[in-house]
Amino acid sequence: MGTVVDDAASAEFHAFFERHYAELARLAHLLTGEADAADDLAADALLALWHRWDRVRAADHPVAYARGVVANLARTRIRSAVRERRRITLFWSQREERTEIPDVPGMIDVQEALRRLPFRKRACVVLRHSFDLSEKDTALALGVSVGTVKSQTSKGMAELQRLLGSQDAPRQIHRAVSGAAGGRNQ
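Residues numbered from 1 in each chain as written. Predicted model: local features only at pLDDT ≥ 70, side-chain atom pairs only at ≥ 80, totals over all residues. Heavy atoms only, no water.

- Per an unreviewed UniProt entry, the protein carries the name SigE family RNA polymerase sigma factor and comes from Streptomyces acidicola.

Topic: the nonpolar core
Thinking step 1. Ranked by size, the top nonpolar core spans 20 residues in total, and within it Phe-16, Leu-24, Leu-46, Leu-49 and Trp-53 carry the most contacts.
Thinking step 2. Elements with a contribution of two residues or more to this core: helix H1 (4-32), helix H2 (35-51), helix H3 (53-58) and helix H4 (62-93).
Thinking step 3. Among the elements that take part in this core, H2 stands out by supplying seven residues, more than any other.
Thinking step 4. Not counting residues within four places of it along the chain, the set of residues in contact with Trp-53 comprises Ala-9, Glu-12, Phe-13 and Phe-16.
Thinking step 5. Counting nine residues, the second-largest nonpolar core is a separate cluster that includes Val-110, Ala-113, Leu-117 and Leu-164. (Core = buried A, V, L, I, M, F, W, Y, C linked by side-chain atoms within 4.5 Å. Buried < 20%, exposed > 50% of the residue type's maximum accessible area, 1.4 Å probe, protein only. Helix = DSSP H or I, 4+ residues; strand = E, 2+ residues; numbered from the N terminus. Contact = heavy atoms within 4.5 Å.)

Structural notes on the packing of helix H5 (residues 104-115) against helix H8 (residues 146-164)
Thinking step 1. H8 packs onto H5 with a crossing angle of 130° between their chain directions and a minimal axis gap of 10 Å. One element, H5, and the other, H8, form an angle in the oblique class. H5 and H8 meet at a crossing whose hand is right-handed. Contacts from Asp-109, Val-110, Ala-113 and Leu-114 of H5 reach H8 at Leu-160, Leu-163 and Leu-164. (Axes fitted to C-alpha atoms, helices over the stretch in contact; angles between N-to-C directions. Parallel < 35°, antiparallel > 145°, perpendicular 65-115°, else oblique. Left-handed = near helix turned anticlockwise from the far one by under 90°.)

Things to note about the environment of Ala-123
Thinking step 1. Note that Ala-123 resides in helix H6 (residues 119-129).
Thinking step 2. In the structure, Ala-123 is positioned 18 residues away from Ala-141 in sequence and 9.6 Å away in space, judged by C-alpha atoms.

Quick look at the pattern of salt bridges
A side chain of one charge can pair with a side chain of the opposite charge when the charged atoms of the two come close.
Thinking step 1. Under the defined criterion, the tally for this structure stands at six salt bridges.
Thinking step 2. Lys-121 is the partner of Glu-159 in a salt bridge, and the nearest nitrogen-oxygen pair spans 3.5 Å. Of this pair, Glu-159 sits in helix H8 while Lys-121 is found in helix H6, placing the two residues 38 residues apart along the sequence.
Thinking step 3. Owing to a relative accessible area of 16%, Lys-121 belongs among the buried residues under this scheme.
Thinking step 4. Between Arg-128 and Glu-135 there is a salt bridge, with its nearest N and O atoms 4.0 Å apart.
Thinking step 5. We classify Arg-128 as partly exposed; its relative accessible area is 24%.
Thinking step 6. Exposure remark for Glu-135: the relative accessible area of 28% places this residue in the partly exposed category. (Salt bridge = Lys/Arg side-chain N within 4 Å of Asp/Glu carboxyl O.)

Rendered as structure tokens:
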């Protein structure tokens, strides 16, 4: 059961929502260029405002505050999209290497061993040893630090060597993944 103050704040927010939702969605659309994202960004901004409604309604210009929240959310969305495009470009920019006669049993063993690794270790090992990315490029592709790439690659390789029973794991991984990329889409 709400109190009189809660009901008044709720009614005030509802009126604010009705007056400014369309304007905030239009602002989001103009900032991002994405009509589909505009409604989501406006709704997310209004949700954030609701959580801080006591402060927002006490502000001199609540609409200006709301516009700032939309602008920040749009900036975050754009930055995220740019980072994702960079990761995809980096991933696909590496030329595909093919082996003439793939070692199918070896490929299966390596793929099974890779599946047993946690995602971050697996991604670091594959990007470093199959795609020959530098530590810096791997970090950029995964959105992690270079130190994380170093530690996860080292731990992943140690685990693969244990699983495969071989000290030649980097070469096996390179051949297996290169052969798989040449033979089928993954």
